[in-house]
Structures are given as C-alpha cells and as structure tokens.
Amino acid sequence: MPLTGLAAGRRLLPPQSRVAYVRVMFSAIAPRYDLTNTVISVGLHRRWKRETVRLLAPPPGARVVDVCCGTGDLARLLAEAVGTQGQVVGVDFAAPMVRLARRRRRQGDGARPSPGGGTAASIAYLVGDALTLPFPDATFDGVTVGFGLRNLADPLAGLRELRRVLRPGGRLAVLEFARVRRPLLRALYDLYSFTLLATLGRLVSRHPDAYLYLPVSVRHWPDQAGVLKMMGEAGFQDPRARDLAGGIVAVYTAQA
C-alpha cells in the first residue's frame, strides 16, 4: 500500500487500511515528532496538554492511563499531578514512540517536582492497542487521550474500551482537533492546514505526507456535538467540550 495514497484527493482510506498507514507513519516520524508538533502549533500543544490534565483533575495518588501516549508528554504531566503515591501508564501502538518515551523516563523526566511537593510518579510505558487495552475492568481513576481518538479504526469502540478500564465515577479527558465555529477563522485555518502546516510538517518531520494526513483526518472528524454524542453512546455520563484556540482543538471530558 503506497503511503501517499491516503492524502491523494484529500480523502480517507478505509478504517483498517488507515490504521496500518497511521502505525507506519507515526513509527517513521517518531524521532522528530515533538519538534514537528512544536513548530506547527507554535508551541501551543504544551498549553493544551496542561489544560487537559487540569480538566481531568486527577487527585494525588490516582491511577491514570494515557492512551495513544506518543512520546509521553501527557503521561509526564499526569505523573506530576498524581505525585509519588500515584501510578501512570502510557500506551501506544507505535513501538518507536514507546521507545522514545521510555528513553525520556530513563533520562529523569519522571523525577521532577510535583505541584504538591515531592516528586512525580513513575511511569510505565507499554506497546498496545487502544481497542484492546491490556488491563482488567475498572483499573484506573482517570484516562486521557491526546490527538489519538480520531486515528482509531473504530472511535466508538475505542471510547467503550476506555470506559471499560475506568472505575465507576472515574474521569475521561480527550484532547482532539475540533471544528472551528467562526466561518472566517475556519477558512483561515483550512488554508493554513492544507498549505503552510502541510509544508512545515513535511520539512521538519521529513515524511512525505504525514502532515497532510492531519488536516484530511480532521476534515472527516465529527464536530464537537458529534463527539459528545459518541461519548454518550459509549456509556459516559455528563460529556462536555471545552474549546481551545477558537475551536481548533477541544478537550472533551466525561465520567464513567
């Protein structure tokens, strides 16, 4: 399957073909993934991830899993939030991403001071599939997903799996690209996405179309109301959306 086939015609491949493509793509761009995200978001992705952890609001000592963890940005923030008595697990299906996250852990990223004093929790990183997580039911107090839900072959099944591993009353926080509500801003963002973003992403990541996939996948992703509806269908209670950056991204929260 040619990797450039995904972006041709600005369309999406069928779900299973898309999953295979995404796995290969993220494995290929892993070494430059953090730099590329910083460049194309002008550093805003860090602020969005901090807001995701704030809205999840895990208490000290909580057990939390970050699904589609990439190189571990969200997992490290969660480790600071839950402190030394907490537990954090990061899961991603791209092994090179997990290797980079583990390397950062060995270099001491998990030993920074936590907001409540002391040091952050240790983090375990696993290679795994978001649709079949390797955990028993009701394992975690909190679950996060950062920019990964739309990449799943079946996002609704993915949400149900996230709910399965949450204890009753546990919280979910999903950071994901969203639908810009204001027409002028939406037009400007679309122009940026398919021109400058794609060009910058190609140059920095050194991948031919990884960052053309991004706006294509966002264009085919449901708006905020659609994602909230999906969360309700998955069995979550009180789903809410908080727009960031004018609706370019949103943090979706809910309770199991």
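Structure shown above.
Residues numbered from 1 in each chain as written. Predicted model: local features only at pLDDT ≥ 70, side-chain atom pairs only at ≥ 80, totals over all residues. Heavy atoms only, no water.

**Description of the pairing of strand 4 (residues 140–146)**
On a regular strand, one side chain projects to one face of the sheet and the next to the other, so that they alternate. Counting buried positions along strand 4 gives six out of seven residues, so the element sits mostly inside the fold. Relative to strand 4, strand 1 (residues 63–67) is paired through four bridges, and the arrangement is parallel. When the bridges of strand 4 are listed, Asp66 appears paired with Thr144. Both strand 4 and strand 5 (residues 166–177) contribute to a ladder of six bridges, which runs parallel. Bridging from a neighbouring strand, Gly146 pairs with Leu175 of strand 5. For the handedness criterion, the β-α-β arrangement of strand 4, helix 6 (residues 155–165) and strand 5 is classed as right-handed. (Buried < 20%, exposed > 50% of the residue type's maximum accessible area, 1.4 Å probe, protein only. Helix = DSSP H or I, 4+ residues; strand = E, 2+ residues; numbered from the N terminus. Pairing = 2+ DSSP bridges. Right-handed = clockwise from strand over helix to strand, strands pointing away.)

**A look at the sheet that holds strand 4**
An order of 3-2-1-4-5-7-6 is seen for the seven strands of this open sheet, with the pairing classed as mixed. Where the open sheet ends on each side, the last strands, each with one partner, are strand 3 (123–127) and strand 6 (237–244). In this sheet, adjacent strand axes meet at a mean angle of 15° when their direction is disregarded. Bridge count between strand 1 and strand 2 (residues 87–92): five bridges; the pairing is parallel. Note that in strand 2 the partner of Val67 across the bridge is Val91. Packing against the sheet, helix 3 (residues 44–56) makes contact with strand 1, strand 4, strand 5, strand 6 and strand 7 (249–255), and its axis sits at approximately 160° to strand 5. (Axes fitted to C-alpha atoms, helices over the stretch in contact; angles between N-to-C directions. Contact = heavy atoms within 4.5 Å.)

**Let's talk about helix 5 (residues 95–106)**
Because an α-helix packs 3.6 residues into every turn, residues spaced three or four apart end up facing the same way. The end-to-end C-alpha separation of helix 5 is 17 Å, in line with the 16 Å expected for twelve residues at 1.5 Å each. Along helix 5, the residues classified as buried are Pro96, Met97, Val98, Leu100 and Ala101. (Expected span 1.5 Å × (residues − 1).)

**Brief notes about empty space enclosed by the protein**
Under the counting rule described, the total for this entry stands at one cavity of 30 Å³ or more. A volume near 30 Å³ is recorded for the largest cavity. Val67, Cys68, Ala130, Val145, Leu149, Leu152, Gly158 and Leu162 are the residues that line the largest cavity. Of the residues contributing to the lining of the largest cavity, the split by class is seven nonpolar, one polar and no charged. (1 Å grid on protein atoms, 1.4 Å probe; cavity = no way out; pocket = protein on both sides within 12 Å on 5 of 7 lines; lining within 4 Å. Points joined across faces, edges and corners; volume = space filled by probe spheres on them. Nonpolar A, V, L, I, M, F, W, Y, C, P; charged D, E, K, R; others polar.)

**Here we look at the pattern of salt bridges**
The full count for this structure, using the stated rule, is 13 salt bridges. For the salt bridge of Arg167 with Asp141, the shortest nitrogen-to-oxygen distance reads 2.6 Å. Of this pair, Arg167 sits in strand 5 while Asp141 sits in strand 4, placing them 26 residues apart in sequence. Here Arg167 falls in the partly exposed class, since its relative accessible area comes to 33%. Judged by its relative accessible area of 23%, Asp141 falls in the partly exposed class. With its nearest N and O atoms 3.2 Å apart, the salt bridge here joins Asp238 to Arg240. Judged by relative accessible area, Asp238 falls into the partly exposed class, the value being 44%. Classification of Arg240 as exposed rests on a relative accessible area of 52%. Each member of the salt-bridge network shares a partner with another, and the members are Asp34, Lys49, Asp73, Arg76 and Arg104. (Salt bridge = Lys/Arg side-chain N within 4 Å of Asp/Glu carboxyl O.)

**Considerations on the packing of helix 6 against helix 9 (residues 224–233)**
It is the contact of helix 6 with helix 9, at a shortest axis distance of 9 Å, that shows an interaxial angle of 50°. On the basis of the axis angle, helix 6 is oblique to helix 9. Relative to helix 9, helix 6 is oriented so that their crossing is right-handed. Every residue of helix 9 that contacts helix 6 at Pro155, Leu156, Leu159 and Arg160 is listed here: Met230, Met231 and Glu233. Partitioned by chemical class, the residues of the contact of helix 6 with helix 9 number five nonpolar, no polar and two charged. (Parallel < 35°, antiparallel > 145°, perpendicular 65-115°, else oblique. Left-handed = near helix turned anticlockwise from the far one by under 90°.)

**Examining the packing of aromatic side chains**
Centre distance and the angle of the planes are the two values used to describe a pair of aromatic rings. Counted under the stated rule, the structure contains three aromatic pairs. Ring geometry for Trp48 against Phe147: centres 6.3 Å apart, planes inclined by 65°, an arrangement best described as edge-to-face. In this pair, Trp48 sits in helix 3 while Phe147 sits in the loop between strand 4 and helix 6, placing the two residues 99 residues apart along the sequence. In this structure, Trp48 and Phe147 share a single accessibility class: buried. Taking 4.9 Å as the distance between ring centres and 90° as the angle between the ring planes, the aromatic pair formed by Phe135 and Phe140 counts as edge-to-face. Of the two residues examined, Phe135 and Phe140, each falls in the buried class. The rings of Trp48, Phe147 and Phe177 are connected pair by pair, giving a single aromatic cluster. Lying over the aromatic face of Phe140, Arg63 brings its terminal NZ or CZ to 6.0 Å of the ring centre. (Phe/Tyr/Trp six-rings, centres within 6.5 Å; stacked < 30°, edge-to-face > 60°. Lys NZ or Arg CZ within 6 Å of the ring centre and 35° of its normal.)

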